[in-house]
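Descriptive structure summary
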Amino acid sequence: MADNTQTSGDKPVQLLSPDGALTTDDVGAEYVHYVDQLNDDQLRRFHRDMVVVRRFDVEAANLQKQGQMGLWVPSMGQEAAQVGSAHAAKTQDHLFPAYREHAVGMIRGLDLLHIVELLRGNTHGGWNPAETGNFHLYTLVIGSHTLHATGYAMGIQFDGKAGTGNPDTDEAVMVYFGDGATSQGDVSEAFVFAASYQTPQVFFLQNNGWAISVPVSVQSRTPLYLRSAGFGIPSVQIDGNDVLASYAVAAKHLDDARSGKGPSVIEALTYRIGAHTSSDDPTKYRTNAELQSWIARDPISRYEAYLRHRGEGDAFFADVATEAEDVAADIRRRTLALEGPSTDKLFDHVYSEQHPVMDAQKQWLAQYESSFGGLA
Amino acid sequence: MSEQDTSPAWAETLPEAGDGRASRSAATDIVELPLAKALNAGLRKALAGDPKVLLMGEDIGPLGGVFRVTEGLQAEFGRRVMDTPLAESGIVGTAIGLAMRGYRPVCEIQFDGFIFPGFDQITTQLAKMTNRHEGQVQMPVVIRVPYGGHIGAVEHHQESPEAYFAHTPGLRLVSPSTPHDAYWMIQEAIASNDPVMFFEPKSRYWHKGPVDLNFNQSSLHASKVVRTGTEVTVVGHGAMVNVLLQAAEIAQGEGTSIEVIDLRSLSPIDYEPLLASVQKTGRLVIASEAPGFASLPSEIAATVTERLFYSLEAPVLRVTGFDAPFPPAKLETIYLPDADRVLEAVDRALAY
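**Quick look at the sheet that holds strand S6 (residues 235-239) of chain A**
All names here are of chain A.
- An order of S1-S2-S3-S7-S6 is seen for the five strands of this open sheet, with the pairing classed as parallel. Two strands lie at the open edges of the sheet, namely strand S1 (94-96) and S6, each paired on one side alone. Within this sheet the neighbouring strands show an average axis-to-axis angle of 20°, counted without direction.
- Pairing of strand S3 (residues 201-207) with strand S7 (residues 264-269), which is carried by six bridges, proceeds in the parallel orientation. When the sheet's bridge partners are listed, Val-202 is paired in S7 with Ser-264.
- Taken strand by strand, helix H11 (residues 243-258) contacts strand S2 (173-178), S3, S6 and S7, and its axis lies near 160° from that of S6.

Printed below as a string of structure tokens:
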């Protein structure tokens, strides 16, 4: 059985207990003021985003089963880790996802249809981070993007855009990766470079318990957040199913990064309720008892309980549910209307500058296809 | 593409080519430099001309790199010349992030055989990043690789890994053979908005040659006839060009006329000068230090055979390293093609 809740004896930061009450322990004390500053609309937005992205996830999984996508990558169960941390980032920050961060993309302004197009086989990503709230492309080679994020953060330093003391213009990078990625050399190298250059950067590790079928306990004999200490990077472990903890801890560490205090690591303990992808069968490697224990710790119901304690009524939750249905219906409608990619896509952007082989092969393909007299 | 289009942007600060020709004197414009120093001068020019150019690599700061190619540059350009941690994947991976931010990183891989920890970042990330973004993000990254044998070094220090990268769409590969080309091609590679693998013939680092600082007569991806002849065409790149010129000289003494082509660009390959030459000679020998199986010579042989089947008087022949690991240094002169091995193939081609 997977035990991804390895701790060093320290309690993970939790601001919201599983029954939806605000906690008041010492571990969370330094973060509580970030929550205190949130207004009602912001608090509602967290719930709205978690519910909408889960409904999107369900719709996309159904579309995949109906043949509209080759693959689906569910994010169910990880909404709090993603929504809280994404809201902690400022407009000018850059976010580097792995490939399950649908909520983060949505919050930064990515049209979720881009994710559908990627998993449908129409694109390899294809969005422009400059137009999607600095939300970068998904990276499928596990851990590779942690180095891109670190390099980007080095560029922020070269530009003098961190540590000036101006919180409205100082920039930071946050990179999302999973427990499996921590075994990759690139993640260790990213830690080395980040520590060496003291990059303005937060490493946001979603420990969802499983690297496809291999539990965290096989990947690591030590709590993952303790690894970074060996690289000279401070770290903290949080309850990843607590959206307020995810928000507050990410906000603090991003503030530190922007203000020139260097990199840090956040390990969010969460759980992948769904399969790794639509091609996976988690019943082969994990128990129903484990699954049920995490469903009982569902991040959305916890947060709904909190909002109801605060006096939020049925009308709000009904409105959110309606909005989620609308988003799902819109995705379904636009997915069914998608056309296949142009064959020009084979050649047009392999290089930025003119390339004789691309020109020749594009021309050859056009002639070959036209040789069928339009019947192909 | 015109000459103008392929020159780096900062070359515009130099005298116009026309003016240069008019006022040029050998004493002022043409300098004798070893290839490594020519690269150093080219890197300095690029750093001075564009504040976005960065150098990164192992030991390239105060030491100036293990081959001293970056000597003095950190003193001149400060933190823009970065001694990185000892991690090739980290160097290339962070260079990608810097390029996303608008920088033009030039990475030094210390030795050819040490590029493989960075192979994943080069082939799955750097090469595909522009394509993945559908052209909306560019990757002006140069990977400098001192490559090849003839220096008597230990394992992993004398290899020729070009073919691995030539097989990867999205990369451009070039390799200068002379100090003049080294000076200009490094600047053109840095000016390119695509990733460029820059293979430096390390056995030629210390050989001097003339460098015309004002006039670049070629473009980055053009191959070049460097010696004219009529009976057999021989082609190669980097350090092999000098071997081919030696072979041509020996052959001339024996009454055989060899045309020598310096490939210069390994991807894309500029075939026109090569095809024109083979149409004339009807015979082609391709030489490379790398193992011959699934190699650049194999690729060129296939293409020339497809394009010039009826012009060939003999099969296209390859002269390469053996399909065995690069040997301990005491055997390298046996492993690496020399002028005699090239001439053996020339004789076979002429025997058809």
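**Overview of helix H7 (residues 144-158) of chain A**
All names here are of chain A.
- In this model H7 runs 22 Å from its N-terminal to its C-terminal C-alpha over 15 residues, within 8% of the 21 Å that 1.5 Å per residue would give.
- With respect to burial, H7 is a largely interior element, 14 of its 15 residues being buried.
- Of the residues trailing H7, Gly-160 is marked for its positive phi of about 65°.

**Looking at the sheet that holds strand S12 (residues 265-267) of chain B**
All names here are of chain B.
- What the seven strands build is an open sheet, ordered S3-S2-S4-S5-S7-S6-S12; its pairing is mixed. Whereas interior strands pair on both sides, the edge strands pair on one side only; in this sheet they are strand S3 (81-83) and S12. Strand-to-strand twist across the sheet, computed as the mean angle between neighbouring axes with direction ignored, equals 20°.
- In terms of strand pairing, strand S2 (residues 53-57) meets strand S4 (residues 104-108) through five bridges, oriented parallel. Residue pairing across strands places Val-53 opposite Arg-104, the latter belonging to S4.
- Relative to strand S7 (residues 196-201), helix H10 (residues 179-191) is tilted by about 165°, and along the sheet it contacts S2, S4, strand S5 (142-147), strand S6 (172-174) and S7.

**Structural notes on the pairing of S3 of chain A**
Residues and elements named next belong to chain A.
- Of all the seven residues making up S3, seven are buried; the element is thus mostly covered by neighbouring parts of the structure.
- Burial of S3 is two-sided: the residues Gln-201, Phe-203, Leu-205 and Asn-207 facing one way and the residues Val-202, Phe-204 and Gln-206 facing the other way are all buried.
- Two strands pair when backbone bridges link them, and S2 and S3 are joined in this way by six bridges, in the parallel orientation. Looking at the pairing, Met-174 lines up with Val-202 of S3.

**Describing the interface of chain A and chain B**
- Facing 45 residues of chain A, the contacting portion of chain B comprises 46 residues.
- Across the interface of chain A and chain B, roughly 3600 Å² is buried in total on both sides, 55% from carbon and sulfur atoms.
- It is His-148, Phe-158 and His-349 of chain A that lose the most area in chain A upon contact with chain B, and together they represent 19% of the buried surface on that side.
- Summed over the shared surface of chain A and chain B, the number is four salt bridges.
- Across the contact surface, chain A and chain B share 24 residue pairs in polar contact (both at pLDDT 80 or more).
- Elements supplying a minimum of two residues to the side of chain A that touches chain B: S1, H7, helix H8 (185-197) and helix H15 (356-370) of chain A.
- No other element matches H7 of chain A, which puts 11 residues into the side of chain A that touches chain B.
- Across the side of chain A that touches chain B, the residue classes tally to 18 nonpolar, 19 polar and eight charged.

**Looking at the domain arrangement of chain A**
- For chain A, the assigned domains read domain 1 (26-336) and domain 2 (342-376).
- Computed over C-alpha atoms only, the centres of domain 1 of chain A and domain 2 of chain A are separated by 38 Å.

**Re unusual backbone geometry**
Residues and elements named next belong to chain B.
- The residue after Ser-267, namely Pro-268, is reached through a cis peptide bond having omega -5°.
- Relative to the elements of secondary structure, Pro-268 occurs in the loop between S12 and helix H12 (272-281).
- For Glu-134, which is not a glycine, the phi torsion comes out positive at approximately 50°.
- Inspection of the secondary structure assignment puts Glu-134 in the loop between helix H8 (129-132) and S5.
- We note that His-156 has phi near 75°; this positive angle belongs to a residue other than glycine.
- Within the secondary structure layout, His-156 lies in the loop between S5 and helix H9 (162-166).

About the cut-offs
Residues numbered from 1 in each chain as written. Chains lettered and ligands numbered in written order. Predicted model: local features only at pLDDT ≥ 70, side-chain atom pairs only at ≥ 80, totals over all residues. Heavy atoms only, no water. Pairing = 2+ DSSP bridges. Helix = DSSP H or I, 4+ residues; strand = E, 2+ residues; numbered from the N terminus. Axes fitted to C-alpha atoms, helices over the stretch in contact; angles between N-to-C directions. Contact = heavy atoms within 4.5 Å. Expected span 1.5 Å × (residues − 1). Buried < 20%, exposed > 50% of the residue type's maximum accessible area, 1.4 Å probe, protein only. Buried area = accessible area lost by both parts, 1.4 Å probe. Salt bridge = Lys/Arg side-chain N within 4 Å of Asp/Glu carboxyl O. Polar contact = N/O pair within 3.5 Å; in protein donor to acceptor, adjacent residues only side chain to side chain. Nonpolar A, V, L, I, M, F, W, Y, C, P; charged D, E, K, R; others polar. Domains from an automatic or database assignment.

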